[in-house]
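# Examination of the molecular architecture
Below, each chain spelled out in residue letters.
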Amino acid sequence: QVQLIESGGGLVQAGGSLRLSCAASGRTFSSLAMGWFRQAPGKERNVVATTTGVRVYYTDSVKGRFTISRDNAKNTVYLEMNSLKPEDTAIYYCAALENPSSLYYYTKSNDYRYWGQGTQVTVSS
């Protein structure tokens, strides 16, 4: 089992920044692929960014604004979000899967077995 605990959400004005953190426990962190997903009210949960340790993926709408990073020593994955827009408002979820292949980016929510509880990000205009 992998436990994931997110933190760092909040309310920010458009153009501002937030950094989300997701602390993992229960497995060797370096053996996990990690992803950030988000779900706005009434919409599906969609990928924001993923990292396998080898490959990194960003959805088009966040490229150049968001950065995913991982600290294997701290068992933590981060999502640095800059130039935030009102359309970034959503609940952000951290997800993990074990023993990823180096061939894939893992952008589908169904790829992931473990999920955090989510953290709300609200961007005001």
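What this report covers is the structure whose coordinates are included nearby. Please read all numbers here as calculations on a predicted model, not as lab measurements.

What counts, and where the lines are drawn
- Residues numbered from 1 in each chain as written.
- Predicted model: local features only at pLDDT ≥ 70, side-chain atom pairs only at ≥ 80, totals over all residues.
- Heavy atoms only, no water.
- Helix = DSSP H or I, 4+ residues; strand = E, 2+ residues; numbered from the N terminus.
- Buried < 20%, exposed > 50% of the residue type's maximum accessible area, 1.4 Å probe, protein only.
- Polar contact = N/O pair within 3.5 Å; in protein donor to acceptor, adjacent residues only side chain to side chain.
- Contact = heavy atoms within 4.5 Å.
- Salt bridge = Lys/Arg side-chain N within 4 Å of Asp/Glu carboxyl O.
- Disulfide = S-S within 2.5 Å.
- Core = buried A, V, L, I, M, F, W, Y, C linked by side-chain atoms within 4.5 Å.

### Brief notes about the side chain of T52
Considering the arrangement of structural elements, one finds T52 in the loop between strand 5 (45-51) and strand 6 (56-58). Note on T52: relative accessible area 7%, which makes it buried. Separated by 3.1 Å, the side chain of T52 and the backbone nitrogen of V54 make a polar contact. Among the polar contacts made by the side chain of T52, one reaches the main-chain amide nitrogen of R55 at a distance of 2.9 Å. Other than its neighbours up to four places away in sequence, T52 contacts L32, A33, R70, P100, Y104 and Y106.

### Concerning the pattern of salt bridges
Opposite charge on two side chains allows them to pair when their charged atoms are near. Scanning all chains against the criterion turns up five salt bridges. Notably, a salt bridge pairs R38 with D88, separated by 2.9 Å at the nearest N-O pair. Highlighted residues: R38 in strand 4 (residues 32-39) and D88 in the loop between strand 8 (76-81) and strand 9 (90-98), separated in sequence by 50 residues. Of the residues examined, R38 reaches a relative accessible area of 13% and is grouped as buried. What makes D88 buried here is its relative accessible area of 1%. Put simply, D88 and R65 hold a salt bridge, and the shortest N to O gap is 2.8 Å. Note that D88 is positioned in the loop between strand 8 and strand 9 and R65 in the loop between strand 6 and strand 7 (66-71), a separation of 23 residues in sequence. Taken as a pair, D88 and R65 share a single burial class, namely buried.

### What to know about the state of the cysteines
Such a bond, covalent and formed between the sulfur atoms of two cysteines, is termed a disulfide. Following the criterion strictly, the structure yields one disulfide and no others. The disulfide bridge from C22 ends at C94, spanning 2.0 Å between sulfur atoms. Note on the C22 and C94 pair: the S-S dihedral is about -80 degrees, so by sign convention the disulfide is left-handed. A residue pair is termed long-range when its members are at least 10 positions apart, and C22 in strand 3 (residues 18-25) and C94 in strand 9 qualify at 72 residues. Look at C22 and you get buried, because its relative accessible area is 0%. Taking the relative accessible area as the measure of exposure, C94 reaches 0% and is therefore buried.

### Let's talk about the nonpolar core
In this structure, L4, M34, W36, L79, M81 and Y92 are the most contacted members of the largest nonpolar core, which totals 28 residues. Put simply, the parts of the chain that give this core at least two residues each are strand 3, strand 4, strand 5, strand 7, strand 8, strand 9 and strand 11 (119-124). In terms of nonpolar packing, the next biggest core, distinct from the first, is built from seven residues, A33, V47, A95 and Y112 among them.

### What about the environment of S21?
Here S21 shows up in strand 3. Here the alpha-carbon distance between S21 and T107, two residues 86 residues apart in the chain, equals 19 Å. Setting aside chain neighbours within four positions, we find S21 in contact with I5, E6, S7, W36, T76, V77 and Y78.

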